[in-house]
Amino acid sequence: MEHPILFISIILEKMGLPVPHGPVGNGILEQLCAPYMTYTWLVMVFLFIVAKLTLGNLEMVPGKGQNFWELVIGGMDDFFADNMGRELADQFFPMIATFGLYIAVANLIGLIPGFMSPTSSINTTLALTVIVWLSHHLIGFRNHGLGYYKHFMGPVWWLVPLLLPIEIISNVARLLSLSIRLFGNIMAKETLLAILFMLAGGFFAPLPIMILGVLVSLVQAMVFVLLTVVYFSQAQEHAH
């Protein structure tokens, strides 16, 4: 359930483009015009424009915009290096930082009437999670070869029938834990806001919930990034 009016969907309908009324469309064009896709593009454009405006001309004496990005990017870089090691942090910093910024903005944009959070769709959160899940297996295989998969079998051979199914299920469950946690929290925020807007009919009644929504949006972005760093760090270790 999203906000009753989605501005981008209305604009696309006026342009004659097929906008699906369900979660996804039947054809390729309808899928591209689905709300979670169009608002994903909006978030991408927003991040690009903001970065271009604030970092277009880097200066020795940074302004407010450059100071903000130095604080955010420098903080994330230090955090990644402390928990994953400098080499792995340098390799995966662009991906993890991009995911973190995208999720934070995508979560927050749903607080604006007429907009929706792309992360309130399981399609978006599952796509991000699949990339993280495949990447952490790639890190483990690259560092340890086939030996990486020995931890699924346990320390001794006679425990393999017991531990192998448990390890496989727990690892695959990471797909669910990352995607559904983010989707569930943001979907709940979207649903609650939509109900309050319809009942209250104003902007001040849902204000406490909107403040809580800002906190939830930022925390969920931090949790996704934190778990991604933990998974990558564990895959890099010899035994995890």
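So, here is what we can say about the structure in this document. All of these numbers come straight from a predicted model, not from anything done at the bench.

For the rest of this paragraph, the subject is the layout of surface pockets. The volume enclosed by the largest pocket comes to roughly 550 Å³. What lines the largest pocket is a set of 25 residues, and nearest its centre among them are Val72, Met76, Gly100, Leu101 and Met222. Looking at the lining of the largest pocket, the elements that each hand over two or more residues are helix 3 (35–55), helix 4 (64–84), helix 5 (86–109) and helix 8 (207–236).

Attention now goes to the packing of helix 5 against helix 6 (residues 122–144). Each pair of packed helices gets described by two things: the angle between the helix axes and the distance between those axes. For the pair helix 5 and helix 6, the least separation of the axes is 12 Å and the interaxial angle reads 170°. In terms of axis orientation, helix 5 runs roughly antiparallel to helix 6. Between helix 5, through Leu88, Gln91, Phe92, Met95, Phe99, Tyr102 and Ile103, and helix 6, the contact on the second element is made entirely by Thr124, Leu128, Ile131, Val132, Ser135, Ile139 and Arg142. Residues belonging to the contact of helix 5 with helix 6 are distributed by class as follows: ten nonpolar, three polar and one charged.

Checked against the element boundaries, Gly65 lands in helix 4. The partly exposed category is assigned to Gly65, whose relative accessible area is 23%.

Glancing now at the packing of aromatic side chains. For any pair of aromatic rings, the description rests on two quantities: the centre-to-centre distance and the angle between the ring planes. Tallying each qualifying case throughout the model produces five aromatic pairs. Pairing Tyr39 with Phe115 gives two aromatic rings, centres 5.7 Å apart and planes at 75°, and the pair type is edge-to-face. Remark: Phe115 occurs in the loop between helix 5 and helix 6 and Tyr39 occurs in helix 3; sequence separation between them is 76 residues. By relative accessible area, Tyr39 is classed as buried at 0%. Seen in terms of ring centroids, Phe68 and Trp69 are 5.2 Å apart; in terms of plane orientation they differ by 70°. Their pairing is edge-to-face. An aromatic cluster of at least three residues, connected via ring pairs, comprises Phe79, Phe80 and Phe93.

Contact geometry for helix 4 and helix 5: axes closest at 9 Å, N-to-C directions at 130°. By the angle class used here, helix 4 and helix 5 are oblique. Crossing handedness for the pair helix 4 and helix 5: right-handed. Between helix 4 and helix 5, the contacting residues are Trp69, Val72, Ile73, Met76, Asp77, Phe80, Ala81 and Met84 on the first element and Arg86, Leu88, Ala89, Asp90, Phe93, Ile96, Ala97 and Leu101 on the second. By residue class, the composition of the contact of helix 4 with helix 5 is 13 nonpolar, no polar and three charged.

Conventions used here
Residues numbered from 1 in each chain as written. Predicted model: local features only at pLDDT ≥ 70, side-chain atom pairs only at ≥ 80, totals over all residues. Heavy atoms only, no water. 1 Å grid on protein atoms, 1.4 Å probe; cavity = no way out; pocket = protein on both sides within 12 Å on 5 of 7 lines; lining within 4 Å. Points joined across faces, edges and corners; volume = space filled by probe spheres on them. Helix = DSSP H or I, 4+ residues; strand = E, 2+ residues; numbered from the N terminus. Axes fitted to C-alpha atoms, helices over the stretch in contact; angles between N-to-C directions. Parallel < 35°, antiparallel > 145°, perpendicular 65-115°, else oblique. Contact = heavy atoms within 4.5 Å. Nonpolar A, V, L, I, M, F, W, Y, C, P; charged D, E, K, R; others polar. Buried < 20%, exposed > 50% of the residue type's maximum accessible area, 1.4 Å probe, protein only. Phe/Tyr/Trp six-rings, centres within 6.5 Å; stacked < 30°, edge-to-face > 60°. Left-handed = near helix turned anticlockwise from the far one by under 90°.

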